[in-house]
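# Structural features, examined
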Amino acid sequence: RGGNIRAFGSVDLQLALFRGWSVGNFASALFVDAGFVRNSWAGLEPGDVRPAIGVAPIRFVSPIGTATVEYAFPLDLQRGDDARGRLHFGVALRL
């Protein structure tokens, strides 16, 4: 399933693992995500929001952005979901 309307939110607890590099620091985190993807706002229901929990065992946090490895588990399994979770790689740049 896909769509052209996307809403997403996340809350995380990040813990510094190693500090002191001039180019950045290493951290780890626990997080909760929730969001949806739809083609229309019509008929949107609370059950359309998909929650997940996860862990980011390693994050590299620098002045220009973050690179992370995360593993997330869906909390409300639906058709096509893998109960074992999914591995994610992410990069976020600060402009």
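Keep in mind it's a predicted model, so treat the numbers as computed, not measured. (Residues numbered from 1 in each chain as written. Predicted model: local features only at pLDDT ≥ 70, side-chain atom pairs only at ≥ 80, totals over all residues. Heavy atoms only, no water.)

Let us look at the overall build of the chain. Looking only at helices and strands, the chain features zero helices and five strands. In sequence order, the secondary structure elements of the chain are arranged as β-β-β-β-β. Computed over its C-alpha atoms, the radius of gyration of the chain comes to 16 Å, more than 25% above the 12 Å expected for a compact globule of 95 residues. The C-alpha extent of the chain, read off along each of the three principal axes, is 50 × 30 × 20 Å. Counting only residues that meet the buried cut, the chain has 23% of its 95 residues in that class. Of the contacts formed within the chain by residues at least 6 apart in sequence, a portion of 46% connects residues at least 24 apart. As displayed, the chain offers around 7,000 Å² of accessible surface, 61% of which is attributable to carbon and sulfur atoms. Side chains of the chain carry 10 positive and 8 negative charges; the gap between the two charge centres is 5 Å. (Helix = DSSP H or I, 4+ residues; strand = E, 2+ residues; numbered from the N terminus. Rg over C-alpha atoms; globule rule 2.2 N^0.38 Å. Buried < 20%, exposed > 50% of the residue type's maximum accessible area, 1.4 Å probe, protein only. Contact = heavy atoms within 4.5 Å. Areas by Shrake-Rupley, 256 points an atom, 1.4 Å probe, with all protein chains shown as cover. Lys, Arg positive; Asp, Glu negative; His and termini not counted. Charge placed at Lys NZ, Arg CZ, Asp CG, Glu CD.)

This part is about the pairing of strand E4 (residues 65-74). Bridging between strand E3 (residues 50-62) and E4 involves nine bridges; their strand directions are antiparallel. Counted as the bridge partner of Ile-58 is Val-69 from E4. Linking two consecutive strands that pair antiparallel, namely E3 and E4, is a turn of two residues. Bridge count between E4 and strand E5 (residues 86-93): eight bridges; the pairing is antiparallel. (Pairing = 2+ DSSP bridges.)

Turning our attention to the packing of aromatic side chains. With the rule as written, the count across this model stands at three aromatic pairs. Between the aromatic rings of Phe-26 and Phe-60, the centroid separation amounts to 5.2 Å while the plane-to-plane angle is 55°, which identifies the pairing as tilted. Of this pair, Phe-26 sits in strand E2 (residues 25-38) while Phe-60 sits in strand E3, and the two are 34 residues apart along the sequence. On the basis of relative accessibility, which here comes to 23%, the residue Phe-26 falls in the partly exposed class. Here the aromatic rings of Phe-36 and Trp-41 are separated by 5.8 Å at their centres, their planes lie at 80°, and the arrangement is edge-to-face. With a relative accessible area of 11%, Phe-36 lands in the buried category. Sitting above the plane of the Phe-8 ring, Arg-6 keeps its charged end 5.6 Å from the centroid. (Phe/Tyr/Trp six-rings, centres within 6.5 Å; stacked < 30°, edge-to-face > 60°. Lys NZ or Arg CZ within 6 Å of the ring centre and 35° of its normal.)

Tallied over the full model, the rule gives five salt bridges. Where Asp-81 meets Arg-50, a salt bridge forms, and the shortest distance between an N and an O atom there is 2.2 Å. Of this pair, Asp-81 sits in the loop between E4 and E5 while Arg-50 is found in strand E3, placing the two residues 31 residues apart along the sequence. Overall, Asp-81 belongs to the partly exposed group, its relative accessible area being 29%. With a closest N to O distance of 2.9 Å, Arg-84 and Asp-82 form a salt bridge. Judged by its relative accessible area of 62%, Arg-84 is exposed. (Salt bridge = Lys/Arg side-chain N within 4 Å of Asp/Glu carboxyl O.)

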